[in-house]
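The primary structure of each chain is shown beneath.
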Amino acid sequence: MKVLIIEDETTASENLVEMLKEIDPSIEVLHVLESVQQTIRWLSSNPAPNLIFMDIHLSDGSAFTLFNEIDIQTPIVFTTAYDQYALDAFAVNSIDYLLKPIKTVELTRALEKFRRWSKSDVVAYLEQMMKLRPDDRMSGEYKQTLLIPNKDKLLPVKTEDVACIYSTDRKTQVFLKNKKVLDYNRSLDSIIVSLDPARFFRANKQYIVARDCVQEIVIWFDSRLLLRLPIELPEPLFVSKNKAAEFKNWMTRPQNTMI
C-alpha cells in the first residue's frame, strides 16, 4: 500500500510514519507534505497514492480547500486535534477520522476499514468527497468584512483594516491597523479559508498576517523569519523555517497571479 501523509507538525508526521511501519512494514510512505499548496503541486505531478492521511489544520489553511482546487482521486483518513471538524470530515465519507494523539488501535482500525472497501465503495466515496467545496472558493470571492460579536452587538470590520489575527488555545484576537484589538470566537482554520490568499498569509499556528502590514523581515538564527508590524503584538510573529521560502515567494508575487 502506498500512502501520502499531509501533516504540518514534524513530530506528528514522524510518529505516524513509525506507527504505520509497526502495523504493516509493507506500507510505503511516498511523501510527507505540510501545506495546501504543496499538496496541490504534488498531487498534480505524481501518480495517486492508495490512501492519504490528511491533517485538517495545515500550515497555510484548512485542508478542505483542496477539494475546490484539485480533483482528488484517493480515499482519505482525516487527522486533527480539533473534533469540531468531524462533521465536515464525514460529510465527504472519509475512511476514518482520527483525533490526535493517534492511537495504534485506531490507526489499525482505519487501515482495516480501507482494505475492506470495494471498488464501488471507492467510487461512491469520490462522488461524495467532491461535494465538499467551500462556497467562497467556488465563487472566487472572499470576505471583505468580518462580523465580530461584541457584547450584544456585531461589529463590522473591514478586512483591509486587519493587520493580523492571533490565536491561542483560549481565544482568538483580531489586531487592527489602528491598534485596536477585538476578541473573535473563531479558529484560524475557519478564518483563513474565507480571506483573500493574495492579502493574508498563515504564518504559523498562531498568526495570520496581512501582507501590507509587514514592515520588516528579519532572518533569524535558525532560518525562521521574524516579521515586524507597525503594531504591538502579544508575542513575536515568526514564519517557520519550512515555510520561509513560501512566504518570501508570496510577498514578492504580484497579487493578481495568486490563487
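My aim in this report is to walk through the structure given alongside it, one point at a time. (Residues numbered from 1 in each chain as written. Predicted model: local features only at pLDDT ≥ 70, side-chain atom pairs only at ≥ 80, totals over all residues. Heavy atoms only, no water.)

**Things to note about the overall build of the protein chain**
No. 1: Along its length, the protein chain carries 9 helices and 17 strands.
No. 2: The buried share of the protein chain, taken over its 259 residues, is 48%.
No. 3: Within the protein chain, residue pairs in contact and separated by at least 24 positions form 58% of the contacts whose partners lie at least 6 positions apart.
No. 4: Summed over all atoms, the accessible surface of the protein chain reaches about 13400 Å², with 50% contributed by carbon and sulfur. (Helix = DSSP H or I, 4+ residues; strand = E, 2+ residues; numbered from the N terminus. Buried < 20%, exposed > 50% of the residue type's maximum accessible area, 1.4 Å probe, protein only. Contact = heavy atoms within 4.5 Å. Areas by Shrake-Rupley, 256 points an atom, 1.4 Å probe, with all protein chains shown as cover.)

**Remarks on the pairing of strand 6 (residues 76-80)**
No. 1: With 5 of its 5 residues buried, strand 6 lies for the most part within the structure.
No. 2: The two faces of strand 6 match: Ile-76, Phe-78 and Thr-80 on one face and Val-77 and Thr-79 on the other face are all buried.
No. 3: One ladder, built from 4 bridges, connects strand 6 with strand 7 (residues 96-99); its direction is parallel. Each residue of the ladder has a partner; that of Val-77, found in strand 7, is Asp-96. (Pairing = 2+ DSSP bridges.)

**Let's talk about helix 5 (residues 104-116)**
One turn of an α-helix holds 3.6 residues; hence residues three or four places apart share an orientation.
No. 1: Counted at 1.5 Å a residue, the expected span for helix 5 with its 13 residues is 18 Å, and the 19 Å between its end C-alpha atoms agrees.
No. 2: Those residues of helix 5 that sit buried are Leu-107, Ala-110, Leu-111 and Phe-114. Looking down the long axis of helix 5, one finds its buried residues gathered within 95 degrees of arc, a one-sided arrangement. Of the residues in helix 5, the exposed ones pointing more than 90 degrees away from the buried face are Val-105 and Arg-116. (Expected span 1.5 Å × (residues − 1). Arc of directions from axis to C-beta.)

**Digging into the sheet that holds strand 17 (residues 237-239)**
No. 1: In spatial order, the strands read 15-16-17; together these 3 strands make up an open sheet with antiparallel pairing. Lying at the two open borders of the sheet, with one neighbouring strand each, are strand 15 (216-219) and strand 17. When the angles between neighbouring strand axes are averaged without regard to direction, this sheet yields 30 degrees.
No. 2: Contacts between helix 9 (residues 244-252) and the sheet are confined to strand 15, strand 16 (225-228) and strand 17, with strand 16 contributing the most and set at about 40 degrees to the helix. (Axes fitted to C-alpha atoms, helices over the stretch in contact; angles between N-to-C directions.)

**Looking at the packing of helix 1 (residues 10-23) against helix 5**
No. 1: Contact pair helix 1 / helix 5: the axes reach a minimum separation of 10 Å and the direction vectors enclose 65 degrees. What the angle tells us is that helix 1 and helix 5 run roughly perpendicular. Note on packing geometry: the crossing formed by helix 1 with helix 5 is right-handed. Of helix 5, the residues touching helix 1 (which contributes Leu-16, Met-19, Leu-20 and Ile-23) are Thr-104, Leu-107, Thr-108 and Leu-111. (Parallel < 35°, antiparallel > 145°, perpendicular 65-115°, else oblique. Left-handed = near helix turned anticlockwise from the far one by under 90°.)

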